[in-house]
Structure formats: structure tokens, C-alpha cells
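Coordinate inspection notes
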Amino acid sequence: MRPIDPKSIRRIMVRSTNWVGDAVMTTPAMADLRDAFPDAEIVVVANPLVAQLFTFHPCCDRVLIYEKKGAHKGVAGLWRFSRQLRRERFDLAVLMQNAIEAAIMAFAAGIPRRAGYRTDARGPLLTHGVKIGPEQKRLHHTEYYRHMLRHICQGEGGGRLLLACSEDEKRWAQTTLGDGSWVAINPGAAYGSAKRWLPERFASVGDSLAEEYGLQVVLTGGPGEREIGRDIETAMRVPALNLIGKTSVRQLMAVLAGCRLMITNDSGPMHVAAAFDVPIVAVFGPTDHTTTSPWSRNCRIVRKPTDCAPCLLRQCPTDHRCMRAIMPEDVLSAARRLLGDTA
Ligand code: SF4
């Protein structure tokens, strides 16, 4: 497949992925795209959560929100949204999302060049379809998205995760956190309970880090994780600032960017913190650390090899041994190494 001539492209639609973590892992590919088409307008189509990542981003000029409810619900909604896209007169669609729906959207929007992986039986709808084999499935997600891009352009964006906060957002985080050195504890995982380490063990790690290093603890996460946050707050000896369910994605970005350390499950906020080069201790159980670990040198993965892992299930059908086998001391010793490295 020949690279697309940059001179022929004035406007690009990028259909983003639907999970925050995956979308963060597309940012190196977005940087490649920006480098390959420096004069084109890049417009990201995303759900309301993911859209926030790109509302202030060097590789995105504009965001269009696509939420599959209200006017955009069902097949009729998809058709309506595609008609709206048609008016934008895009020259190229880059489909980070692998679903057939993304290809139908680009096709129905009349976008003449449509690039993406040949997944979900959507090959015939793509003009620049990239074959996916076992090799691509083994790639870390950041490289997986970049691999697709290399079939259509020759950009070189540097290969690093990329997110940005505005000065106002940084000031807001500074005011919220105040003075001191912070460790973020992120005990949820939107995907499902199988990815979640035990709340009382997070609490124990938080207490130890506060007592050993004088770190202040901030709990982070989404609205569906409030109960876990309350359990951790109750179990902790030292007071924690509980922001679970109280921040927008952009506020969460600014808070994480201001932390000295993060202790987390495999989750969207983990990838956000990696984009700001925050040192991370990530607890992995049912997911594959070779494909979705934080794309950062500044991290430690804590996991216990288990026969059934990686199962990639949302809920554990057995005794959750992949997570139960990980003890607070395992996480603490990883944190101590990182704090030693960055002291
Ligand atoms: S099935 Fe195994 S890998 Fe999957 S969540 Fe349960 S214990 Fe973990």
C-alpha cells in the first residue's frame, strides 16, 4: 500500500477508541499523523469521556462528540451523525476504533479515503484496510495503532504518549492538592471487577507510603467507583483526599500530572498518568501486561503468574487468585524502588 500524498489531504477525521486508556495509547499514532499531515485539520470523533482527552491537545484541532444516545441512538442515529460528518467534507478517515460501526460511519459520510484494521468484517468498507495477524495482536497497543498508521503515512511523532493540560487546569489542581507531595491511589477499573485489587490492600499501601515518605494520599477514579473510595477511606489510618467521582477527565489529568507517584490497577487513569511521566506501580491480574502496560520507563508492574491469566474477563469466575496473591508488601517494594529512583 502506498502512503497517501499529504498534499491531497486538507481535513482528517479520526474515529477514536471508546475507552480512555486505549485512547491515550493512540496518542503516539496521533503524533505520527500530525507529523505526516502538518497542514491538515485533524478532527477527533469520540464519546464524551474520551473527547475530553483531545479538547486541548497538540495533535487535534477540533473534537466532535458522538454519543450513542438521544439523536444518535441506533442505526438511525448513526446515519444522522454520518450526514453531519458529510458536511465537513473530510478527505481521510483514520479509524482507531476497530468496530464495523466506525467504517460504516466513514463510508456513509462520503469520506473518500478510509484507513483502519480489517477487523469486524469491515474490509470492503475500507480503502486502506490493514491486515491484522497474530503478530499485530501481540504488539503493545501503542505500537499496534502506530503500525496501522505506517501503512498510510510516514510521520514520526516521537513514539511517546502525549496529553496536555492548560495553565488554568494546572492552577486548579495546585489549589485542590495544595502543598505537599502526593501519591494517587486509583483503585477502580471501569472495565470490570476482575481488574481490581483489594481495597483494604490499597489502604494499607497508602498508610505505609504516608508514614514512610510523608506522602499525602489522593484517591482517584470515576463515579462508578465511589463505594470503593469510601471503603478505602474508612480502612486507612491517615486521612486521604477522596476525589473519586468528583473530577472531570480533564481535572483528573491535572491532578495526576501533579502527583509524585501513582498506585493503580490496569485502568484508564494509569495510562493518563503515564502520559505525564508520573512514576507508576501498576497491579496486573487478568489482563496482558505485555500489550497494555503503561507506555513508560517510569513504572513497575506487580503481578503473580497464574494459570488462568490473562483471561481478559470483566468478572472473575473463580477465586480471583491473580489479584489475591498480590500482597501490600509486593506493591510497597515496587513503590520504594521508584521513589528511590526519583528521590
Ligand atoms: S479467571 Fe484467573 S486470571 Fe481471570 S480474574 Fe479470575 S483468577 Fe484472575
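Here the structure is a predicted model, which means the values were calculated and not measured. Each residue is numbered by its place in its chain's sequence as written, counting from 1. Two thresholds apply to this predicted model, a pLDDT of at least 70 for residue-level local features and 80 or more for giving and counting side-chain atom pairs, whereas whole-chain, interface and lining totals are computed over all residues.

**Some points on the overall build of the protein chain**
Starting at the N terminus, helices and strands are each numbered in turn, a helix being any DSSP run of H or I of at least four residues and a strand any DSSP run of E of at least two. Broken down by element type, the protein chain carries 15 helices and 12 strands. Here the C-alpha radius of gyration of the protein chain, 21 Å, is about what a compact globule of 343 residues would show, namely 20 Å. Each principal axis of the C-alpha distribution contributes one length, and for the protein chain these read about 60 × 45 × 40 Å. Note on burial: count the other C-beta atoms lying within 10 Å of the residue's C-beta; 20 or more is buried, 12 or fewer is exposed, in between is partly exposed, and C-beta positions come from the backbone. Classification of the 343 residues of the protein chain by burial places 47% in the buried group. Expressed as a percentage of contacts within the protein chain between residues at least 6 apart in sequence, the contacts between residues at least 24 apart total 62%. Radius of gyration here is computed from C-alpha atoms only, and the compact-globule reference equals 2.2 Å multiplied by the residue count raised to the power 0.38. Contact between two residues is assigned whenever their backbone-derived C-beta positions fall within 7 Å.

**What about the pairing of strand β7 (residues 182-186)?**
Most of β7 sits inside the fold, with 5 of its 5 residues counted as buried. The path from the first strand over the helix to the second decides the hand: if it runs clockwise while the strands point away from the viewer, the crossover is right-handed. A crossover connection joins β7 to the parallel strand β8 (residues 216-219) through helix α9 (residues 199-213); in handedness this β-α-β unit is right-handed.

**Considerations on the domain arrangement of the protein chain**
Annotation comment: domain bounds sourced from an automatic or database domain assignment. Each assigned domain of the protein chain is listed here: domain 1 (6-150) and domain 2 (167-342). Taking the mean C-alpha position of each, domain 1 and domain 2 sit 29 Å from one another. Across the contact, 13 residues belong to domain 1 and 13 residues belong to domain 2. The element best represented in the side of domain 1 that touches domain 2 is helix α1 (residues 20-25), accounting for 4 residues.

**Quick look at the sheet that holds β7**
Strands are labelled as partners when DSSP assigns at least two bridges between them. Read from one edge of the open sheet, 6 strands run β9-β8-β7-β10-β11-β12, paired in parallel fashion. Every interior strand has two partners, whereas the edge strands, β9 (240-242) and β12 (299-302), have only one. Ignoring which end each strand starts from, the neighbouring axes of this sheet average 20° apart. By the bridge criterion, 4 bridges tie β7 to β8 in an arrangement that is parallel. Bridging across to β8, A184 finds its partner in V218. Here the axes come from fitting lines to C-alpha atoms, over the contacting stretch only for helices, and the angles between their N-to-C directions go from 0 to 180 degrees. Contacts from helix α10 (residues 226-235) reach β7, β8 and β9 within the one sheet, and its direction differs from that of β9 by about 165°.

**Let's talk about α10**
Taken residue by residue, α10 has I228, G229 and I232 as its buried positions. Here the buried residues of α10 occupy an arc of 100° about the axis, which is enough to place them on one side. Of the exposed residues in α10, those oriented more than 90 degrees away from the buried face are E227 and T234. In this fold, the buried residues of α10 make contact with β7, α9, β8 and β9. Throughout, the arc means that of the directions going from the helix axis to the C-beta atoms.

**A short note on the packing of helix α4 (residues 74-86) against helix α5 (residues 100-108)**
Contact geometry of α4 with α5 gives a least axis separation of 8 Å together with a crossing angle of 45°. One element, α4, and the other, α5, form an angle in the oblique class. For the crossing formed where α4 meets α5, the hand is right-handed. Each of L78, W79, F81, S82 and L85 in α4 lies in contact with α5, whose residues at this interface are E101, I104, M105 and A108. When an angle is under 35 degrees it counts as roughly parallel; over 145 it counts as roughly antiparallel; between 65 and 115 it counts as roughly perpendicular; any other value is oblique. Two helices that cross are described as forming a left-handed crossing if the nearer one is turned anticlockwise from the farther one by less than a right angle, and a right-handed crossing if clockwise.

**Some remarks on unusual backbone geometry**
For residues other than glycine, phi is negative in most cases, and the peptide bonds are mostly trans. With omega at -5°, the peptide bond leading from A309 into P310 counts as cis. Position of P310 among the secondary structure elements: in the loop between β12 and α14 (321-324). Despite not being glycine, D120 has its phi angle at roughly 55°, a positive value. Relative to the elements of secondary structure, D120 occurs in the loop between β5 (113-117) and β6 (128-130). With a phi angle near 60°, L312 is a residue other than glycine that sits in the positive phi range. Take L312: it is sitting in the loop between β12 and α14.

**A closer look at the sheet that holds β5**
Ordered by their spatial adjacency, 6 strands build an open sheet running β3-β2-β1-β4-β5-β6, and the pairing between neighbours is parallel. The two strands at the open ends of the sheet, each matched to only one other strand, are β3 (62-65) and β6. Sheet twist, expressed as the mean angle between neighbouring strand axes with direction ignored, is 15°. Relative to β6, β5 is paired through 3 bridges, and the arrangement is parallel. Bridge pairing links A115 to H128 in β6.

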